[in-house]
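The lines below spell out each chain.
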Amino acid sequence: MLYALVPTLLAAEAEGGLFDLDATLPLMAAQFLILALILNAVLYKPLGQAIDQRADYIRGKHLDAQERLEKVKSLTAEYEQALAEARRKSQSIVADAQAEAQKLAAQTVADAQRQAQSEREAAQQEIDSQRQTALAALDGQVAVLSRQIVQKLLGFELG
């Protein structure tokens, strides 16, 4: 059955086959070239220009962003240096203030100790003088009482 179709297929190709070289081939080639020229003029050139403009725009923005990034990095470095300097100064000020406070505290403690010592010495002198006064008063009373005791016991006064 397949063998019966082969001669008919061969006969059909001879008349108007797949590669028929008549006037349609140059006409199709001319149509393709005209279409390619029209597409190039209408679509490809404007599209290429738009793509080139967009690439230039992106390249310009990228360079601008890089410049800004470098500027930000330099400003950041400057600010970090200023911050480090400010920290050193503040630590120095705090250390000076602490030293001054310790000095003032030590001076206040020394003044308080001197004042307490002088008050203690004054109190000791007051106590000593009152003791001397009390001992003198007791000596006088002891002499009187001993005379009274002797007088009551012996019945006469010693002289």
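Here the structure is a predicted model, which means the values were calculated and not measured.

Engineer: Whenever I open this one, the overall build of the protein chain confuses me. Can you help?
Structural biologist: Counting its secondary structure elements, the protein chain contains two helices and zero strands. Relative to its full complement of 159 residues, the protein chain shows a buried share of 0%. Summing over all exposed atoms, the protein chain offers an accessible surface of approximately 14,600 Å²; the carbon and sulfur share of this is 64%.

Engineer: Is there a simple way to explain the confidence of the model for the protein chain in this structure?
Structural biologist: Where the model shows low pLDDT, its predicted coordinates should not be examined in detail. Taken over all residues, the pLDDT of the protein chain has a mean of 86, while the share at 70 or more is 84%. Long-range and interchain partners of residues 9-13, a stretch whose pLDDT sits below 50, account for one contact in this model, where long-range means more than four residues apart.

Engineer: What's the story with a nonpolar patch on the surface in this structure? I'm lost.
Structural biologist: A cluster of nonpolar side chains, namely Ile34, Leu35, Ile38, Leu39, Val42, Leu43 and Tyr44, defines an oily patch on the protein surface of about 660 Å² accessible area. Tracing the backbone through its elements, the reader meets isoleucine 34 in helix 2 (residues 24-154).

Engineer: How do you make sense of the UniProt feature "transmembrane region" (unreviewed entry) in the protein chain when you look at a structure like this?
Structural biologist: With numbering aligned to this structure, UniProt lists the feature "transmembrane region" (unreviewed entry) at residues 24-44. Overall, residues 24-44 shows 100% helix and 0% strand. The separation of its end C-alpha atoms is 27 Å.

Engineer: Help me understand helix 2, please; the structure alone is not making it clear to me.
Structural biologist: Residues lying three or four places apart along an α-helix face the same way, a consequence of the helix completing one turn every 3.6 residues. Its 131 residues give helix 2 an end-to-end C-alpha distance of 181 Å, which sits within 8% of 195 Å, the value for a rise of 1.5 Å per residue. The positive-phi residue at the C-terminal boundary of helix 2 is glycine 155, with phi of around 85°.

Engineer: It is not clear to me how the pattern of salt bridges should be interpreted in this structure. Could you clarify?
Structural biologist: A side chain of one charge can pair with a side chain of the opposite charge when the charged atoms of the two come close. A complete count under the given rule lists four salt bridges for this structure. The shortest N-O distance in the salt bridge between arginine 59 and aspartate 56 comes to 2.6 Å. One end of the pair is arginine 59 and the other is aspartate 56, both in helix 2 and three residues apart, which spans about a single turn. Taking the relative accessible area as the measure of exposure, arginine 59 reaches 48% and is therefore partly exposed. With its nearest N and O atoms 2.7 Å apart, the salt bridge here joins arginine 88 to glutamate 85. Placement of the pair is arginine 88 and glutamate 85 together in helix 2, with a separation of three residues, close to one helical turn. Accessibility expressed as a relative area gives 35% for glutamate 85, which makes it partly exposed.

Definitions and cut-offs
- Residues numbered from 1 in each chain as written.
- Predicted model: local features only at pLDDT ≥ 70, side-chain atom pairs only at ≥ 80, totals over all residues.
- Heavy atoms only, no water.
- Helix = DSSP H or I, 4+ residues; strand = E, 2+ residues; numbered from the N terminus.
- Buried < 20%, exposed > 50% of the residue type's maximum accessible area, 1.4 Å probe, protein only.
- Areas by Shrake-Rupley, 256 points an atom, 1.4 Å probe, with all protein chains shown as cover.
- pLDDT = per-residue confidence, 0-100.
- Contact = heavy atoms within 4.5 Å.
- Patch = residues over 30% accessible without salt bridge, like charges linked within 9 Å, V, L, I, M, F, W, Y side chains within 5 Å.
- Salt bridge = Lys/Arg side-chain N within 4 Å of Asp/Glu carboxyl O.
- UniProt positions renumbered as here; feature names shortened; annotations may be inferred.
- Expected span 1.5 Å × (residues − 1).

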